[in-house]
Amino acid sequence: MLRFLWETEGTPKLDEHVPHIGSIRPRCVTASRAQVDQLTRAASGTLRLMLLMCSDLAIRSGTAVTISPREYDSHNRTLRFRTKYDEKVGLPVTDELADILDSLDLGSPLPFITQLRRIEEPRAARRMVSDIVDPRRLRKELRMLRAALGIEKRIIFHDLRRTTAVALYRRTKDIRKAQALLGHHQLQSTFWYLDHDLEEVDLADLEAIKRPFLVPRKEQSA
């Protein structure tokens, strides 16, 4: 607006005095495989199931507490659910996670997290106002577990989601698979998760782009 007024109305040129603020950087925290394993081994019951949903399948914590048997196909071991943005997601269930889900009541309408909480704390379950376990309590339990294990890094549930997405991309080099895992409608959202995961440029790739008609040196020697 200031530049427009200067160009069209002859007002003082003030646009150069407006500071340029860069875009917000994403939270780039990821956990190591050893840290994830340490947390899941030490956790029990509800918290362990929550950790596996967030790490094995990269599910948001707010969605994980709502997933129930109606979204689970035990025969094919798949989960089909909707994200908080109402996107449809279908994911294969890992063996470790399937063992827990199959042990619960698959005929119940209650979310899996709620079922486990009621088994662990039957007295507290009677005082539950909602059938959905409050994720804030599970976040507190995760903080306490981290402290007990001596993990100083502030790992939250969402960091486990990002950790899995980054690991999948590194393994497959296929950003579409990471997008499908995260349940993103917009590819830009997936880039946001992988924004920090830059790799060094390979000289061989630059040479191949410059002279694509040349036969690679390895093939020539063969």
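Residues numbered from 1 in each chain as written. Predicted model: local features only at pLDDT ≥ 70, side-chain atom pairs only at ≥ 80, totals over all residues. Heavy atoms only, no water.

Asker: Break down the sheet that holds strand 2 (residues 78–82) for me, citing the residues and quoting the values.
Answerer: The strand order 1-2-3 describes an open sheet built from three strands, whose pairing is antiparallel. Here the strands that pair on one side only, and so sit at the sheet edges, are strand 1 (72–73) and strand 3 (88–92). (Pairing = 2+ DSSP bridges. Helix = DSSP H or I, 4+ residues; strand = E, 2+ residues; numbered from the N terminus.)

Asker: I'd like to hear about the environment of Ala64, residue by residue, with values.
Answerer: By secondary structure assignment, the location of Ala64 is in helix 4 (residues 61–64). Between the C-alpha atom of Ala64 and that of Met53, which follows or precedes it by 11 residues, the distance is 6.4 Å. Each residue touching Ala64, except ones within four places of it in the same chain, is listed here: Met50, Met53, Ile59 and Ile113. (Contact = heavy atoms within 4.5 Å.)

Asker: Describe the pairing of strand 3, listing the residues and the values that go with them.
Answerer: The side-chain alternation of strand 3 yields one buried face, formed by Val89 and Leu91, and one unburied face, formed by Lys88, Gly90 and Pro92. Pairing of strand 2 with strand 3 involves five bridges; the strand directions are antiparallel. Bridged to Phe81 within strand 3 is Val89. Linking two consecutive strands that pair antiparallel, namely strand 2 and strand 3, is a turn of five residues; a positive phi of about 65° is found at Asp86 within it. (Buried < 20%, exposed > 50% of the residue type's maximum accessible area, 1.4 Å probe, protein only.)

Asker: Please give an account of the packing of helix 2 (residues 33–42) against helix 8 (residues 135–149) that cites residues and values.
Answerer: Between helix 2 and helix 8, whose axes approach to 11 Å, the crossing angle comes to 110°. As the angle between them shows, helix 2 and helix 8 are arranged roughly perpendicular. Across the interface between the two elements, Gln38, Leu39 and Ala42 from helix 2 touch Leu142, Leu145, Arg146 and Leu149 from helix 8. (Axes fitted to C-alpha atoms, helices over the stretch in contact; angles between N-to-C directions. Parallel < 35°, antiparallel > 145°, perpendicular 65-115°, else oblique.)

Asker: Can you explain the pattern of salt bridges? Please cite residues and give values.
Answerer: Any two side chains of opposite charge can pair, so long as their charged atoms come close to each other. Following the criterion strictly, the structure yields 15 salt bridges and no others. The closest approach of N and O atoms between Asp131 and Arg118, which form a salt bridge, is 3.0 Å. Of this pair, Asp131 sits in the loop between helix 7 (122–126) and helix 8 while Arg118 sits in helix 6 (residues 112–120), and the two are 13 residues apart along the sequence. Exposure remark for Arg118: the relative accessible area of 29% places this residue in the partly exposed category. (Salt bridge = Lys/Arg side-chain N within 4 Å of Asp/Glu carboxyl O.)

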